[in-house]
Amino acid sequence: MRELIMKEFPEHGILGEEFGEHNSEAEYKWILDPIDGTKSFICGTVTFGTLIALTKNNIPIVGVINQPILNEFLVGDNFSSTLNDKKVIVSEIDKIENSVLLTTDYLNIEKYQNKNGFDNLTKKTKLFRMWGDCYGYYLVATGFAEIMIDPIMNVWDSAALIPIINGAGGKITDYFGNHPIAGDSIVATNGKIHDDVIKILNES
């Protein structure tokens, strides 16, 4: 990916989980995570994927989740999102008690955020599962889940998700409702229940 970008867009910057940063002051920057969900990949599950983001002045403008096992290519630009060239939108669920909640690793909640708030949220939802990594965000963007939460994230984990969730009509912030690119956590929802989710997560 780096070789292709540097060949086609030599003036662009690149930031990846591997190999560090190239041309850090560039207006346009590609943020790469070749295997998001490395532990899942090693364990033989299909929730891993490749994340690609393009930012302009550090704001994500294009995001990609590529799922090679299922041959699914999800791309968003903050205004629309498509899965294998077909438009996708988030679900219409507007009550937490009817929602599906996902996370990658439950043990990370207590390690990095308010466990009581998260546990209270799980009790209010219809279903709680750990179908996580980038595939959890795929499920929100395509309308199969309403909430996906990661209590700790790096920019190469989160940048690609922002244009996808926004483009599908959802909402994505950090754990406290702030712009996700500046935070170190992610809460993605279908948008209709987002404010309530943030409130519950941060209650004692």
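In this report, the structure presented in the accompanying data block is examined.

Rules used in this analysis
Once a new chain begins, its residue numbering starts again from 1 and follows that chain's sequence as written. Whole-chain, interface and lining totals are the exception, using all residues; otherwise, since this is a predicted model, local features are given only for residues with pLDDT of at least 70 and side-chain atom pairs are given and counted only at 80 or more. Only hydrogens and water are set aside when side-chain values are computed; all heavy atoms of the structure are taken into account. Helix and strand assignments follow DSSP, with helices taken as H or I runs no shorter than four residues and strands as E runs no shorter than two, numbered in order from the N terminus. This radius of gyration counts C-alpha atoms alone. The globule rule is 2.2 Å times how many residues there are, raised to the power 0.38. Between two residues, a contact is recorded if the distance between any of their heavy atoms is within 4.5 Å. Methods summary: accessible areas were calculated by the Shrake-Rupley approach with a probe of 1.4 Å, and residue burial reflects only the protein chains presented. Counted as positive: Lys and Arg. Counted as negative: Asp and Glu, with His and the chain ends omitted from the count. Throughout, a charge is located at the NZ atom of Lys, the CZ atom of Arg, the CG atom of Asp or the CD atom of Glu. What makes a nonpolar core is a set of buried Ala, Val, Leu, Ile, Met, Phe, Trp, Tyr and Cys residues whose side-chain atoms join them at distances within 4.5 Å. Only protein chains enter the accessibility calculation, which uses a 1.4 Å probe; a residue is then buried when its area is under 20% of its type maximum, exposed when over 50%, and partly exposed in between. Two strands form a pair only when DSSP identifies at least two bridges running between them.

## Considering the overall build of the chain
Then step 1. From N to C terminus, the chain includes eight helices and 13 strands.
Then step 2. The C-alpha radius of gyration computed for the chain amounts to 16 Å, which stays within 12% of the reference 17 Å derived for 204 residues, consistent with globular compactness.
Then step 3. Across its three principal directions, the C-alpha atoms of the chain cover 50 × 35 × 35 Å.
Then step 4. At a minimum sequence separation of 6, the contacts of the chain that also span at least 24 residues come to 56%.
Then step 5. Carbon and sulfur atoms provide 54% of the accessible area of the chain, an area that totals close to 10,100 Å².
Then step 6. For the chain, the distance from the average site of its 17 positive side-chain charges to the average site of its 28 negative ones is 6 Å.

## Things to note about the nonpolar core
Then step 1. Counting residues in each nonpolar core, the largest one holds 31 residues, and the members touching the most others are Ile 65, Leu 74, Tyr 137, Tyr 138, Leu 161, Ile 165 and Ile 172.
Then step 2. Only strand 4 (49-56), strand 9 (100-103), helix 5 (133-141), helix 7 (161-167) and strand 13 (186-189) provide two or more residues apiece to this core.
Then step 3. Looking at this core element by element, the count peaks at seven residues for helix 5.

## So, unusual backbone geometry
Then step 1. Even without a glycine there, the phi angle at Asn 78 is positive, about 80°.
Then step 2. Mapped onto the secondary structure, Asn 78 falls in the loop between strand 6 (72-76) and strand 7 (81-83).
Then step 3. Looking at Asn 78, the relative accessible area reads 23%, which means it is partly exposed.
Then step 4. Even without glycine at this site, Asn 84 takes up a positive phi of about 50°.
Then step 5. Along the chain, Asn 84 falls in the loop between strand 7 and strand 8 (86-87).

## Quick look at helix 5
Then step 1. A large share of helix 5 lies buried, amounting to nine of its nine residues.
Then step 2. Along helix 5, the residues classified as buried are Asp 133, Cys 134, Tyr 135, Gly 136, Tyr 137, Tyr 138, Leu 139, Val 140 and Ala 141.
Then step 3. Once helix 5 finishes, Gly 143 follows within two positions and takes phi at roughly 90°, a positive value.

## What about the sheet that holds strand 4?
Then step 1. Ordered by their spatial adjacency, eight strands build an open sheet running 2-1-3-4-5-6-7-8, and the pairing between neighbours is mixed. A strand with exactly one partner marks an edge of an open sheet, and here the two such strands are strand 2 (21-22) and strand 8.
Then step 2. As judged from the seven bridges shared by strand 3 (residues 28-36) and strand 4, these two strands associate in the antiparallel manner. Bridge pairing in strand 4 places Leu 32 opposite Ile 52.

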